[in-house]
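Coordinates in review
Each chain, letter by letter, is given below.
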Protein chains: 2
Amino acid sequence: MFDSIILIGGGNVAHHISLIFEEKKLPLHSIITRQSTRVGNRSSHEFEQIALAELYIIAVSDDAIAEVSSKIADQYADANPLVVHTSGSIPTEAIDNRFKRRGVWYPLQTFSRSRSADWYTIPMCISANTRRDANSLFSLAREVSSNVQYISDESRAALHIAAVMVNNMTNHIFDLAGDIVEAEMLDPDMLKPLIKETVSKLDNMSPNQAQTGPARRGDQAVINKHLDYLRANLPQLVAAYKALSASLTKRFRE
Amino acid sequence: MFDSIILIGGGNVAHHISLIFEEKKLPLHSIITRQSTRVGNRSSHEFEQIALAELYIIAVSDDAIAEVSSKIADQYADANPLVVHTSGSIPTEAIDNRFKRRGVWYPLQTFSRSRSADWYTIPMCISANTRRDANSLFSLAREVSSNVQYISDESRAALHIAAVMVNNMTNHIFDLAGDIVEAEMLDPDMLKPLIKETVSKLDNMSPNQAQTGPARRGDQAVINKHLDYLRANLPQLVAAYKALSASLTKRFRE
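This brings us to the overall build of chain A. Within chain A one finds 8 helices and 9 strands. Its C-alpha atoms give chain A a radius of gyration of 23 Å, more than 25% over the compact-globule value 18 Å for 254 residues. Across the 254 residues that make up chain A, the buried fraction comes to 55%. Intrachain contacts of chain A at a sequence separation of at least 6 include 58% that bridge at least 24 residues.

Here it is in structure tokens:
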């Protein structure tokens, strides 16, 4: 597989990759985090100390991938290492094109500093330019996860949209629903059992089978009552409530 | 408390109330489900056999509460029993006004026939006309749940909107996100670890603290890319994605 891996990044993804690589005794040579030296108003990032490795995993923010990979390419493009990033939304080509061997090693999960990650269940999405590199990345992913798949840049971009929806959008809905509860001087944690059961239901049935509610049953009177309330109390949510109700109506009542 | 309780309804809520009442050995006298006798194209529901009880719990669909309570009032309004419904969105007054003693006994949870309910954690929302009836309903709810609160009709209506959001709307988002994944010929179950972690995170932090994603960080380029994809592939979702992104922007970037 790989004899030396260098991981670049100081965020949650890099943090959790480093933890699982150490746990699985994978040959993680070093972890490079941003060394920022403030010079006036600008900060510069030093990659001079970076060593040569067989695989570089760039786990930095999306818009830093090009720059970071270019810094490594300045030193090591000629040595022809494999360079991958871990982003859902960025194409492989964002990695500096002086590298011939580029790929992606994307864990489809949300990571928090304060929570341990259950790597075994995380879908790992792999891509690479050559079958050989894909196989190596696949093997590396299989060391940490039971669910590894080759995914094209296009499919990964679509997966990332789905991920944004089920993670970011639903979390924002939880946040806004909590506001409604707080406005009634009640504890937003009241919603937690319902939130947990909403997700636990998916162990037994598909979201389509689990769907209930006023829009599902075409109850326009309740929908209008809800919209009146939201207009008066949480106007920020009116458009989303309307759009999701319309989408439910389209799916179940047309 | 109550010496005799009659439960009316054949749906999931009535089913799960009957199970927990039997488990807790509460004095459930009988369960009345809809007896429909088809006469030509019309069905009639017979409540003639209903007995007298101290408490009637009407756990039927929202739009049947008035009719069912009226049928019971025809026979027993003079006996002055307590009559409650179990709906989140319907005011107490939907119960026939020949009853002097009316109330609500609303479990804030989604129920499925095929899944057991964890009543101990379910927030029970109680209301009644008199303090005495409220106390009795409170005691009954405490027999099954650790979390019982007096909630006004107005607050319960707001809670119900929050419940529709965290249950119906997020479930629909899971459904649509699954469509995206399936369109790439991938298994929508790939999203499950992410969905589970999205909710599990709320054990450690609030949704506000847990929020991530392109709209959270003001990444308009990614949002536009997602909208382009949705316009081409899942136009049904464009309005909701836009509205939720705008709401996130309002919350975090303004």
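Once the structure has been displayed, the description carries forward.
Okay, the domain arrangement of chain A next. All names here are of chain A. For chain A, the assigned domains are domain 1 (5-151) and domain 2 (157-253). One C-alpha centre belongs to domain 1, the other to domain 2, and the line joining them spans 35 Å. Counting the surface lost from both domain 1 and domain 2, the interface buries some 440 Å², and carbon and sulfur atoms represent 72% of this. Across the side of domain 1 that touches domain 2, the residue classes tally to 4 nonpolar, 3 polar and no charged.

Put simply, the second copy of the chain is the first one after a rotation about an axis and a shift along it. Rotating chain B by 180° and moving it 0.0 Å along the rotation axis overlays it on chain A with an RMSD of 0.0 Å. Within this description, the copies of the chain are treated as partners about a two-fold rotation axis. Counting the interface residues of chain B, we find that 100% of their copies in chain A are interface residues as well, pointing to one common contact surface.

What follows concerns unusual backbone geometry. If you check the backbone angles, N80 of chain A has positive phi at about 55° while not being a glycine. Summarising the element assignment, N80 of chain A is placed in the loop between helix 2 (65-76) and strand 6 (82-85). Within the chain, M185 of chain B stands out as a residue other than glycine whose phi angle is a positive 65°. You can see M185 of chain B is positioned in the loop between helix 4 (153-183) and helix 5 (192-200). Overall, the relative accessible area of 74% leaves M185 of chain B in the exposed class.

All names here are of chain B. It is at 9 Å that the axes of helix 7 (residues 220-233) and helix 8 (residues 238-253) come closest, and there the two elements cross at 165°. Classified by the angle between their axes, helix 7 and helix 8 sit roughly antiparallel to one another. Handedness of the crossing formed by helix 7 with helix 8: right-handed. For the pair helix 7 and helix 8, contact is made by I223, H226, L227, L230 and R231 and by V238, Y241, K242 and S245, respectively. The residue makeup of the contact of helix 7 with helix 8, split by class, is 5 nonpolar, 2 polar and 2 charged.

Size of an interface: often given as the accessible area lost when the parts come together. At the interface, 83 residues of chain B touch 83 residues of chain A. Between chain B and chain A lies a buried interface of about 8,100 Å² when both sides are counted; carbon and sulfur atoms form 65% of it. Counting across the chain B and chain A interface gives 10 salt bridges. In this structure, D203 of chain A engages K196 of chain B in a salt bridge whose closest nitrogen and oxygen atoms are separated by 2.8 Å. Applying the counting criterion to the chain B and chain A interface returns 48 residue pairs in polar contact (both at pLDDT 80 or more). Contributing elements (two or more residues each) for the side of chain B that touches chain A: helix 4, helix 5, helix 6 (207-210), helix 7 and helix 8 of chain B. Tallied by class, the residues present in the side of chain B that touches chain A amount to 43 nonpolar, 25 polar and 15 charged.

Among the nonpolar cores identified, the biggest contains 82 residues, and M165, I180 and L230 of chain A together with M165, I180 and L230 of chain B are the most heavily contacted of them. Every residue in contact with L230 of chain A, bar those within four places of it in the chain, is listed here: I180, P235, L237, V238 and Y241 of chain A together with I161 of chain B.

Let us now look at the packing of aromatic side chains. One pass over the full model with this rule turns up 10 aromatic pairs over all chains. Seen in terms of ring centroids, F21 of chain B and W105 of chain B are 5.7 Å apart; in terms of plane orientation they differ by 80°. Their pairing is edge-to-face. Note that F21 of chain B is positioned in helix 1 (residues 12-23) and W105 of chain B in strand 7 (residues 101-107), a separation of 84 residues in sequence. Neither F21 of chain B nor W105 of chain B differs from the other in exposure class; each is buried. Here a set of aromatic residues connected by ring pairs shows up, and it is made of F21, W105, F111 and W119 of chain A.

Rules behind the numbers
- Residues numbered from 1 in each chain as written.
- Chains lettered and ligands numbered in written order.
- Predicted model: local features only at pLDDT ≥ 70, side-chain atom pairs only at ≥ 80, totals over all residues.
- Heavy atoms only, no water.
- Helix = DSSP H or I, 4+ residues; strand = E, 2+ residues; numbered from the N terminus.
- Rg over C-alpha atoms; globule rule 2.2 N^0.38 Å.
- Buried < 20%, exposed > 50% of the residue type's maximum accessible area, 1.4 Å probe, protein only.
- Contact = heavy atoms within 4.5 Å.
- Domains from an automatic or database assignment.
- Buried area = accessible area lost by both parts, 1.4 Å probe.
- Nonpolar A, V, L, I, M, F, W, Y, C, P; charged D, E, K, R; others polar.
- Least-squares fit on C-alpha atoms with pLDDT ≥ 70 in both.
- Axes fitted to C-alpha atoms, helices over the stretch in contact; angles between N-to-C directions.
- Parallel < 35°, antiparallel > 145°, perpendicular 65-115°, else oblique.
- Left-handed = near helix turned anticlockwise from the far one by under 90°.
- Salt bridge = Lys/Arg side-chain N within 4 Å of Asp/Glu carboxyl O.
- Polar contact = N/O pair within 3.5 Å; in protein donor to acceptor, adjacent residues only side chain to side chain.
- Core = buried A, V, L, I, M, F, W, Y, C linked by side-chain atoms within 4.5 Å.
- Phe/Tyr/Trp six-rings, centres within 6.5 Å; stacked < 30°, edge-to-face > 60°.

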